[in-house]
Amino acid sequence: MGGGGGGGLRGSCRVGAVLLFSAWIALAALSRLLRPVPNGCVMTYMYPTYIPISTPKNVSSDRYGLFLYHEGWKQIDFEEHVRGLSGVPVLFIPGNGGSYKQVRSLAAESFRAYQNGPLEPTFYQEASSTLSVDELKDFSIPSRYGRMLDWFAVDLEGEHSAMDGRILEEHTEYVVCAIHRILDQYKESHLARSKDAAQSSGSSPSSVILVGHSMGGFVARAALVHPNLRKSAVETILTLSSPHQYPPIALQPSLGQFFSHVNEEWRKGYKIGVSHASTPKLSNVIVVSVAGGIHDYQIRSRLTSLDGIVPSTHGFMVGSSSMKNVWLSMEHQSILWCNQLVVQVAHTLLSIIDPANGQPFLSSHKRVFVFAKMLQSAVPQSLSRMTHVPGSQSSNLLASDNLDASAHELQAKAKNSLSCPPFVQWTSDGLEKDLYIQSNLVTVLAMDGRRRWLDIKKLGSNGRGHFVFVTNLAPCSGVRIHLWPEKYHSSVQNEVPASRKIVDVTSKMVQIPAGPTPKQVVEPGSQTEQPPPSAFLLLTPEEMSGFRFMTISVAPRPTISGRPPPTASMAVGQFFNPDDGSSALSVGRIIRSSFAPEEIFLAEDHPLALNLSFSASLGLLPVILSLKTAGCGIKNAGDQMEAERNNLCKLRCFPPVALAWDSVSGLHIIPNIYSETLEVDSSPGFWDSPEGMDRTTVLVLADPHCSYKVSARASLSAAASRFFLLYSSEILGFMVAVMFFGLMRQTSAWECDSSVPSILSAIESNLRLLKPFMFLFFMPTLMFLAFLFFTMEQKPSFGTFLLVTMISYIVANGFTILLVLSSKLILYMAAILHVFIKRRWQSWEDGAQSSYVRQFLTLSFSFQSLKIVQVIKNNLNIIVAVATIPPVCFVHPAIGLGLLLLSHAFHAHSNLCSFLAASFRSITQKKELYKSKMGDKPVMLSKSKPDGLQQLLPMDDSPTAAKSFTDSQLELFDCRHGIMILHLLATLMFAPSLVAWLQRIGMGQNFPWFVDSAICVGVILHGLFGSQPNVSCISFKLPGRRGREVGLSFLYLLGGYYSLFSSMALAPYRALYAMAIIGFICFVSTIIERRSMGRGDIMSRKSRKHSHRH
């Protein structure tokens, strides 16, 4: 296996443990990721027609196309339809491998939303709960939409834009062309209608709304900073599951640089004073990003974040699981057709159109306000009043520190507008006898038309100053809640003195998704199960300050406002102390729970709202939370079965609800939670992870009438899948660092004239604790953290970052070991087969076919003696360079790197064959010597007669050599093997780009980006001149170090450090920079060395060391 650094049994155990741990993570992750993703989406149906729109001839128009969508089953005249365009243009940009036909769901629902009108008024009632600023004074609930949406879509031929930077750039250029063509088409249509004396309302649109899915969202942002885009041509962008922070596959250098360039241009676009214009370039542009959540395995929520790119005043990110009327996490493709989300997006886009002019609102603040009110739920703001959960971004983007008098007046009007709308107004005259609640717990089991009075001062004493209320009744139409300074008979505001106003807090109730409706029992007089809650209200002592009474008014049973009441009614309210229902689980307790679940018992009359705080993020360590009913005030009979007791308790208690909150992905609501895996789409442990991401808060709403046994158990399989999804790119970059450190140890042994270890032994030695592990991992990690501490305002959690990085590094070592063992097994099998065949040929010389074998061998020897063959054998580097560099520069980098790998494999195979042949010959000689001693007869070892095998596989085991030929060949193989694995990783980084390139064969190709070609040329030079340490023996003296020379091993150490830093900075593609720089240094050093040899100035040290290896 190679000498040096063996480590014996402990080293083998260390390698085995790392390998098993990495394999377990990979297998557990794959087994979970391959499971079907749960989907609660409703399918969207449509009657699509796609009308082609001609585009001007340019570089990409022959390959791509532009289409206009029409909804309807009737056949239409395309030219007439295009000439009648008068709506608001929306351009859909498909993502990686997507089709222009994916626009059909969004376009069809937009058409139906325009025809049917806005959503129900109750939806906007919750939306008006946040105070507005003066820019929003003209916004009102629409009675009908002013203008329809005209949906266009670009046909990008289903190319894989997530894998190649060149494709992404070409898509951007064509989208810019399509935007201009759409705006020109509206002008042409308007002009044609004017010439035909047709009625033409309004003016032509001056901007296009962009809607992008996946990489299409990033293309939309890239188009906005393209130098050829017209001014104000795009002012609104909506992205669906699109990466904004980093590429989803951050392996290709040109792709990473394109992302960095676009994001930097966006940061400059919002800064004042960067351009010559008086206002920033992007001052009127807003971006809203919708994330798919935990079920989107391709684009994590963290990638869709706009933090640091778009200011909170001009955009925000919202998870689909926290969107109103949606409440679902969805798979990457289903976000395009999930009816719940598509309907909400359609109404949102129609709502940003100004009824006055039929165009999107000019004010960017007004457009952001509409998006926030239509998409964001008020649940986070409500939770933040009780827990330490951060609120929604809308509270920040709608706040203003410099409000004038008119703004304060608007705020006062907004406060008064919180009362229920007039069409659902009902007074106390319709209520029957009042009820006076004497306990801190109030229960409603039917729509009885009664008003319940609660004394806040009395019931909210003893620390129970918070109030929580859950119900399945519709706010305003089914239930209403008021705060009273004193007790009056009427709740009508006009009948109460102005100084003693009653406050209606019903509109502070927030909607949550209700679980499945319980089965209804049809027997007369039988009870039904308690329905799940659909809304809840949280009031703090500050909000109830100054009020003495609270009333909960329930509407009577008959139909109200034309809507039938629920078949089963439920409402539970409680004054409680939040500290009584708080429980914190430390990281140690969460990890231990995977073996022994953590249990919490909730007795009857427990707090309705339970605050569970997890010190470890549920995005990294998901937890299976189970709520088992232990009792519900019913005496257990001796023969009562557990299932029967549970059924009885379901008649008494409503199903519990869990609300998990994460600062990035938002809200996750799990209705009817009896046993579910709590998982949020957070990304802790990264260098730019915001504060608080390493913790998760879960609020459980459980009926106080029942007792529960709550158990929490960490799901290791879910944790493995989350780890694999989040840190796979970082692990690949760490693998490059591991190989650099292994080559460093090999090269250092060569420079010290000691035995060169195999790459596997070198990796094992670097895993040893204390000095190697501290020097190669802990020291650079601490340096990186120190750099973040002094340069960044927002600092990651030290413990989480260090733990996640260490696990990623260990897994990277395991994957590298697996790659080394697999490749070594293949090379050994090929070499053994090769040597076996050669030895068979040798044995055939004495057989009947020896003449044919000799003729073949003679012919092969004569072929090898040809001058051109000798020139090729003596200048293999030139041949490899000629074969690899042109494909890298003019075809695709992965092809040139693949040819370089073949060259490495050929050399490694030759060295290994020589080693095996010499080993077999040595064994044969020892056997012959042993037989001669046993028979006391001298035996002449076969030295005088060179056989065919010896001529094909030359051997030199001269006793005068410093090392045997066998050892030298094995060391050469080990060095070549390490370089081959390093370059294999470099090739894998370009493999996704190669897949995208192969898809475009025959469609016209462009040259690779210069940065990719230049880096790959450096990698090739490293393979040609750095594959053997003696070929490029670099040495120079560091300042201040007398007589101490630094060789190639020091460059490998720096390359490993740089790869570690790049991977921790989420840019693993930069590890290729170190590889290329070392290659260029090796090339220059070799040229200098050969010139020195020609002048006779080469150092004697280089001529002495390792002379037996040349």
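Let us look at the structure shown here. (Residues numbered from 1 in each chain as written. Predicted model: local features only at pLDDT ≥ 70, side-chain atom pairs only at ≥ 80, totals over all residues. Heavy atoms only, no water.)

1. Some words on the packing of aromatic side chains
Here is the rule we go by: In this scheme Phe, Tyr and Trp rings, the latter by its six-membered ring, pair at centre separations within 6.5 Å, and the angle between planes marks the pair as stacked below 30 degrees, edge-to-face above 60, and tilted otherwise. Helical segments are the DSSP runs of H or I of at least four residues, strand segments are the runs of E of at least two, and each set is numbered from the N terminus. When a residue's accessible area, from a 1.4 Å probe over protein chains only, is under 20% of the maximum for its type it is buried; when over 50% it is exposed; and in between it is partly exposed. Any Lys NZ or Arg CZ found within 6 Å of a ring centre and within 35 degrees of that ring's normal is scored as a charge over the ring.
This model, assessed by the stated rule, comprises 31 aromatic pairs. Geometrically, the ring pair formed by Phe218 and Phe258 is edge-to-face, given 6.0 Å between the ring centres and 75° between the ring planes. Linking Phe218 in helix H6 (residues 215–224) with Phe258 in helix H7 (residues 253–269), this pair joins segments that are 40 residues apart in sequence. By relative accessible area, Phe258 is classed as buried at 10%. Aromatic rings pair up to connect Phe741, Phe775, Phe784, Phe801, Tyr1057 and Phe1061 into one cluster. Lying over the aromatic face of Trp266, Arg221 brings its terminal NZ or CZ to 5.2 Å of the ring centre. Arg302 extends its terminal NZ or CZ atom over the ring of Phe686, reaching a point 4.4 Å from the ring centre.

2. Concerning the packing of helix H26 (residues 965–999) against helix H27 (residues 1010–1025)
Definition in use: Fitting a line to C-alpha atoms yields each axis, with helices limited to the stretch in contact; the angle taken between N-to-C directions then spans 0 to 180 degrees. Note on angle classes: values under 35 degrees are labelled roughly parallel, values over 145 roughly antiparallel, values of 65 to 115 roughly perpendicular, and the remainder oblique. The handedness criterion is simple: a crossing whose near helix is rotated anticlockwise from the far helix by less than a right angle is left-handed, and one whose near helix is rotated clockwise is right-handed. Here, residues are in contact when the closest pair of their heavy atoms is within 4.5 Å.
Running from N to C, H26 and H27 point in directions that differ by 165°, and their axes come no closer than 11 Å. Our classification of the angle between H26 and H27 gives roughly antiparallel. Crossing handedness for the pair H26 and H27: left-handed. Contacts between H26 and H27 involve Arg976, Ile979, Leu982, His983, Ala986 and Phe990 from the former and Asp1012, Cys1016, Val1019, His1022 and Gly1023 from the latter.

3. Considering the sheet that holds strand S23 (residues 657–662)
Cut-off, in case you're wondering: For two strands to pair, DSSP has to find at least two bridges joining them.
One open sheet accounts for 5 strands, arranged S19-S21-S26-S23-S24; its pairing is mixed. Two strands bound the open sheet, and with one partner strand each, they are strand S19 (582–585) and strand S24 (666–670). Averaged over neighbouring strand pairs, the angle between their axes works out to 20° when direction is ignored. Note: S19 against strand S21 (residues 609–614), 4 bridges, orientation parallel. Bridge pairing in S21 links Ser582 to Asn611.

4. A few points about the state of the cysteines
In protein structure, a disulfide is the covalent linkage between the sulfur atoms of two cysteines. Stated precisely, the cut-off is as follows: We call a pair of cysteine sulfur atoms a disulfide whenever their separation is within 2.5 Å.
In this structure the tally under the stated criterion is 2 disulfides. Residue pairing for Cys41: its cysteine sulfur links by disulfide to Cys338, the two sulfurs lying 2.2 Å apart. Taking the sign of the S-S torsion, -95° for the link of Cys41 and Cys338, the bridge is left-handed. With Cys41 in the loop between helix H1 (8–33) and strand S1 (48–53) and Cys338 in the loop between strand S8 (315–319) and helix H8 (339–351), this pair connects stretches of sequence that are 297 residues apart. Considered together, Cys41 and Cys338 belong to a single accessibility category, that of buried residues. Cys653 shares a disulfide with Cys706; S-S distance 1.7 Å. Since a negative S-S torsion denotes a left-handed disulfide, the Cys653-Cys706 link at about 95° is right-handed. Of this pair, Cys653 sits in the loop between helix H16 (642–652) and S23 while Cys706 sits in the loop between strand S26 (696–701) and strand S27 (707–714), and the two are 53 residues apart along the sequence. Looking at Cys706, the relative accessible area reads 0%, which means it is buried.

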